Amino acid sequence: MSSTTPVGTTPREVIARDVLRAGVGGRLPTTVHYQESLGVGSGTVQKALKDLRNEGAMSLVARGHQGTYITELDAALLWSAARLSPVHLLLPPNAPPESMRVATAVAERFAAVGAYTTAGHLRGAEARLQAIEASRADIALMSAGAAGDLLSGGPAGHRTLTLGSGTYYAPGSLVVVTRTAGPGPGTDGAELRIGIDLDSDDHQRLTHAEFPEGAGRYVPTDFTSVPRAVLLGEIDAGIWHTVDSLIPLDAAGLAVSPLTRPEAVDLARAISAAVLVATQGNIPGVLLSRATDEGGELLAEGPGAPRPVLPGGDDPLRLRV
């Protein structure tokens with residue numbers, strides 16, 4: 001193969017990718033299809049098919065006019081033959097522990113096929129969705145609330161995998177941050193300044209539920225910076241998704257309290273599930289969805305849960321901030 005040949009365009013690579021997408025029981029395109037789409041001869045296509053079978057990457061069976069079907073496949077061998085890049089997963093900013101747990105589970109799932117997973121952080125579920133649609137990433141993580149809004153017309157063009165309740169916002173992880181010193185916010189007669197992130201649909205809905213219209217004045221604030229904004233006196237209160245902090249908030253003069261209004265508590269519970277989103281034809285999305293459909297829980301629990309790693313014991317998750 002010439003060094004200038006684009007990755008994913010040789011018969012071997014294209015067939016390997018098609019087999020991964022189709023899965024066991026799926027039908028492969030005809031030899032004529034590959035000849036016409038790739039501009040190669042029948043012999044070249046047949047050699048690629050034969051080589052993949054001889055290597056144990058797949059087994060096929062011809063069923064006459066019905067076509068050729070896949071009876072067995074080895075995902076790791078096909079991944080290598082397809083020359084696929086590492087899986088790139090997009091997470092929300094600030095690395096919440098729930099997101100890191102999902103990212104690690106995804107990485108372990110792909111380590112089983114010899115693939116690394118890289119993880120990046122991008123603010124805004126809509127921005128993460130646009131990134132996978134533009135093929136800048138393979139899978140995006142978002143809350144059930146964001147997924148429901150962004151994919152409200154149904155997952156046409158997208159493949160979604162919804163995890164259990166509390167996998168994006170763990171119980172008690174959504175809190176209200178205020179100052180501990182001095183009178184409580186708004187008690188001195190001044191208008192309460194409430195932080196609200198205009199780039200986060202979840203934060204806007206939660207803020208309106210906990211601090212309805214009339215409770216104070218909304219101040220645009222990055223939700224990840226709510227504690228800092230309260231500490232600097234830019235706002236009096238704001239909803240924050242708890243993450244690990246080098247300095248405990250109480251030591252910095254901040255108070256953390258749970259959501260109190262029933263509307264906010266119910267909303268937090270309703271949007272708490274994590275959702276993994278990929279485009280329909282994206283191979284990592286196909287494999288992740290298929291593995292789950294076949295009975296494999298992504299977030300396996302307990303000491304006996306499998307933790308596959310790459311040869312040599314490398315960590316399958318490489319973070320790219």
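Data block above holds the structure.
Here the structure is a predicted model, which is why all the values come from computation and not from measurement.

Reading the values: rules and limits
- Residues numbered from 1 in each chain as written.
- Predicted model: local features only at pLDDT ≥ 70, side-chain atom pairs only at ≥ 80, totals over all residues.
- Heavy atoms only, no water.
- Pairing = 2+ DSSP bridges.
- Helix = DSSP H or I, 4+ residues; strand = E, 2+ residues; numbered from the N terminus.
- Axes fitted to C-alpha atoms, helices over the stretch in contact; angles between N-to-C directions.
- 1 Å grid on protein atoms, 1.4 Å probe; cavity = no way out; pocket = protein on both sides within 12 Å on 5 of 7 lines; lining within 4 Å.
- Points joined across faces, edges and corners; volume = space filled by probe spheres on them.
- Nonpolar A, V, L, I, M, F, W, Y, C, P; charged D, E, K, R; others polar.
- Phe/Tyr/Trp six-rings, centres within 6.5 Å; stacked < 30°, edge-to-face > 60°.
- Buried < 20%, exposed > 50% of the residue type's maximum accessible area, 1.4 Å probe, protein only.
- Lys NZ or Arg CZ within 6 Å of the ring centre and 35° of its normal.
- Salt bridge = Lys/Arg side-chain N within 4 Å of Asp/Glu carboxyl O.

Let us look at the sheet that holds strand 12 (residues 254-258). Reading across from one edge, 11-8-12 is the order of the three strands in this open sheet, with antiparallel pairing throughout. Looking at the sheet topology across the chains shown, the edges are occupied by strand 11 (238-241) and strand 12. Between one strand axis and the next, the sheet turns through 40 degrees on average, direction left out of account. Across five bridges, strand 8 (residues 174-179) lies against strand 12 in antiparallel orientation. Note on strand 12: the bridge partner recorded for Val176 is Ser257.

Here the focus is the layout of surface pockets. Computed from the structure, the largest pocket encloses a volume of approximately 420 Å³. Looking at the largest pocket, it is lined by 30 residues, and the ones nearest its centre are Gly124, Ala125, Asp199, Ser200 and Asp201. Those elements that place two or more of their residues in the lining of the largest pocket are helix 6 (125-133), helix 7 (144-150), helix 8 (201-210) and strand 11. Tallying contributions element by element places helix 8 first for the lining of the largest pocket, with five residues. Looking at the lining of the largest pocket, its residues break down into 16 nonpolar, seven polar and seven charged.

The phi torsion of most residues other than glycine is negative, and most of the peptide bonds are trans. If you check the backbone angles, Asn94 has positive phi at about 75 degrees while not being a glycine. One can find Asn94 in the loop between strand 4 (87-91) and helix 5 (97-111). Although it is not a glycine, Ser135 adopts a positive phi angle of roughly 60 degrees. Note that Ser135 resides in the loop between helix 6 and strand 6 (139-143).

This brings us to the packing of aromatic side chains. In the structure shown here, the tally under the stated rule is two aromatic pairs. Seen in terms of ring centroids, Trp79 and Phe110 are 6.1 Å apart; in terms of plane orientation they differ by 50 degrees. Their pairing is tilted. Placement of Trp79 in helix 4 (residues 75-82) and of Phe110 in helix 5 is noted, with a sequence separation of 31 residues between them. Residue classification places Phe110 among the buried positions, given a relative accessible area of 2%. Aromatic side chains Tyr168 and Tyr169 sit 4.8 Å apart centroid to centroid with 85 degrees between the ring planes, which places their arrangement in the edge-to-face category. Positioned above the aromatic ring of Tyr69, the side-chain terminus of Arg63 is 4.6 Å from the ring centre.

A few words now on the pattern of salt bridges. The full count for this structure, using the stated rule, is 13 salt bridges. Put simply, Arg123 and Asp199 hold a salt bridge, and the shortest N to O gap is 3.1 Å. Note that Arg123 is positioned in the loop between strand 5 (117-121) and helix 6 and Asp199 in the loop between strand 9 (193-196) and helix 8, a separation of 76 residues in sequence. The salt bridge partner of Arg193 is Asp236, with a shortest N-O separation of 3.0 Å. Of the two residues, Arg193 is situated in strand 9 and Asp236 in the loop between helix 9 (226-231) and strand 11; the sequence distance between them amounts to 43 residues. One salt-bridge network, held together by shared partners, links Arg123, Asp197, Asp199 and Asp222.

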